[in-house]
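Notes for the structure review
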Amino acid sequence: MTVHDPAPGSVRGDVAGPVGGALLAAGAFGYAQVTLPEQPLLSDYALVPGGMLPVLAGLLALAGACLWLAYGLTVREPARTAATRVLLVAAAAGLLLCAVFPTDPGVSQLSTVAGEIHRWAAAVVFTALPLAGWTLARRDTSPSWANALRALSVTSALALAGFLLAHPASFTSAAIDGAAFYGLFQRGVVLAEIALVTVMALTAAAGRRPAAALRSPGSAGPAAERAGAAPESGRLAA
């Protein structure tokens, strides 16, 4: 089996798309954080005047980055990245649901259907992306990129654990005064996962090997076949 080398322009597109989407998401969330009144969680900015657009832009940009990265892995390395691609698509679906279904206000004691869908979709995103990074690190790639992916995946998971422990709905929140800083952990999760998508795109591009190295051992090139055939034909003639 022969795997063709990707064209340079295609490789650049595979990197630029996910990285551009991740940076756009970071910029949109950062804009909301800097220009709008302080909110407990990033999703709460969608509930204040002027906050819907940057939150939607951030969610859709990150979803697009995940889908672009999944598509690039499908085209380039379909056999070795199946689990990663499934997790990336799941994260993109969760981000789209978060964009469609707004969260409940942080001060509200009522739980709406839309708010529950938003929370569970966010849970899918927060868990799927670290797992996607970890599975991508397991494929045949350079140790430096694999270590970076593992570090970001672990960082995302630890930030998520801190967020869950500190969230006011958690039974541990009162013991650690989590209501004062659970939003900080949530922002840490989002930032780590945006960085994770960026590094995944760079890793996918850096880990591509030349086509000759990806041929199966029994598939020799045309030149080798001709070289092997010449002595054989000579022996038959003799």
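Residues numbered from 1 in each chain as written. Predicted model: local features only at pLDDT ≥ 70, side-chain atom pairs only at ≥ 80, totals over all residues. Heavy atoms only, no water.

Some thoughts on the packing of aromatic side chains
- Evaluated as defined, the whole model comprises 2 aromatic pairs.
- Between Phe163 and Tyr182 the ring centres are 6.3 Å apart and the planes differ by 25°, which places this aromatic pair in the stacked class. One end of the pair, Phe163, is in helix 5 (residues 143–166); the other, Tyr182, is in helix 7 (residues 182–206), and 19 residues separate them in sequence.
- In this structure, Arg150 is placed above the aromatic ring of Trp134, and the distance from its NZ or CZ to the ring centre is 6.0 Å. (Phe/Tyr/Trp six-rings, centres within 6.5 Å; stacked < 30°, edge-to-face > 60°. Helix = DSSP H or I, 4+ residues; strand = E, 2+ residues; numbered from the N terminus. Lys NZ or Arg CZ within 6 Å of the ring centre and 35° of its normal.)

Side note on the pattern of salt bridges
- Following the criterion strictly, the structure yields 4 salt bridges and no others.
- In this structure, Arg187 and Glu38 form a salt bridge, with 3.6 Å as the shortest nitrogen-oxygen distance. Here the residue Arg187 occupies a position in helix 7, and Glu38 occupies one in the loop between helix 1 (8–35) and helix 2 (52–76), the gap between them amounting to 149 residues.
- Here the residues in one salt-bridge network are Asp104, Glu116 and Arg119, joined through shared partners. (Salt bridge = Lys/Arg side-chain N within 4 Å of Asp/Glu carboxyl O.)

What about the side chain of Ser43?
- Mapping Ser43 onto the fold places it in the loop between helix 1 and helix 2.
- In contact with Ser43, other than residues within four places in its own chain, are Thr103, His118 and Gln186. (Contact = heavy atoms within 4.5 Å.)

Structural notes on helix 3 (residues 82–100)
- With 19 residues, helix 3 extends 27 Å from end C-alpha to end C-alpha; this agrees with the ideal 27 Å at 1.5 Å per step.
- Those residues of helix 3 not exposed but buried are Thr84, Arg85, Leu87, Leu88, Ala91, Ala92, Gly94, Leu95, Cys98 and Ala99.
- Looking at the buried positions of helix 3, the neighbouring elements they touch are helix 2, helix 4 (113–137) and helix 7. (Expected span 1.5 Å × (residues − 1). Buried < 20%, exposed > 50% of the residue type's maximum accessible area, 1.4 Å probe, protein only.)

Examining the layout of surface pockets
- What the largest pocket holds in volume is close to 1,000 Å³.
- Lining the largest pocket are 40 residues, and of these Leu41, Arg119, Ala122, Phe163 and His167 lie nearest its centre.
- Breaking the lining of the largest pocket down by element, the ones donating at least two residues are helix 2, helix 3, helix 4, helix 5 and helix 7.
- The element contributing the most residues to the lining of the largest pocket is helix 4, with 10 residues.
- For the lining of the largest pocket, the class distribution of residues is 24 nonpolar, 11 polar and 5 charged. (1 Å grid on protein atoms, 1.4 Å probe; cavity = no way out; pocket = protein on both sides within 12 Å on 5 of 7 lines; lining within 4 Å. Points joined across faces, edges and corners; volume = space filled by probe spheres on them. Nonpolar A, V, L, I, M, F, W, Y, C, P; charged D, E, K, R; others polar.)

Looking at the packing of helix 4 against helix 5
- Running from N to C, helix 4 and helix 5 point in directions that differ by 160°, and their axes come no closer than 8 Å. Here helix 4 lies roughly antiparallel to helix 5, going by the angle between them. The crossing of helix 4 and helix 5 is left-handed. Across the interface between the two elements, Phe126, Thr127, Pro130, Gly133, Trp134, Leu136 and Ala137 from helix 4 touch Ala146, Leu149, Arg150, Ser153, Val154, Ser156 and Leu160 from helix 5.
- For the contact of helix 4 with helix 5, the class distribution of residues is 9 nonpolar, 4 polar and 1 charged. (Axes fitted to C-alpha atoms, helices over the stretch in contact; angles between N-to-C directions. Parallel < 35°, antiparallel > 145°, perpendicular 65-115°, else oblique. Left-handed = near helix turned anticlockwise from the far one by under 90°.)

Notes on a nonpolar patch on the surface
- Taken together, the side chains of Trp134, Val154 and Leu158 define a hydrophobic patch exposed on the protein surface, amounting to about 300 Å² of accessible area.
- Along the chain, Val154 turns up in helix 5.
- The exposure class of Val154 is partly exposed, given its relative accessible area of 38%. (Patch = residues over 30% accessible without salt bridge, like charges linked within 9 Å, V, L, I, M, F, W, Y side chains within 5 Å. Areas by Shrake-Rupley, 256 points an atom, 1.4 Å probe, with all protein chains shown as cover.)

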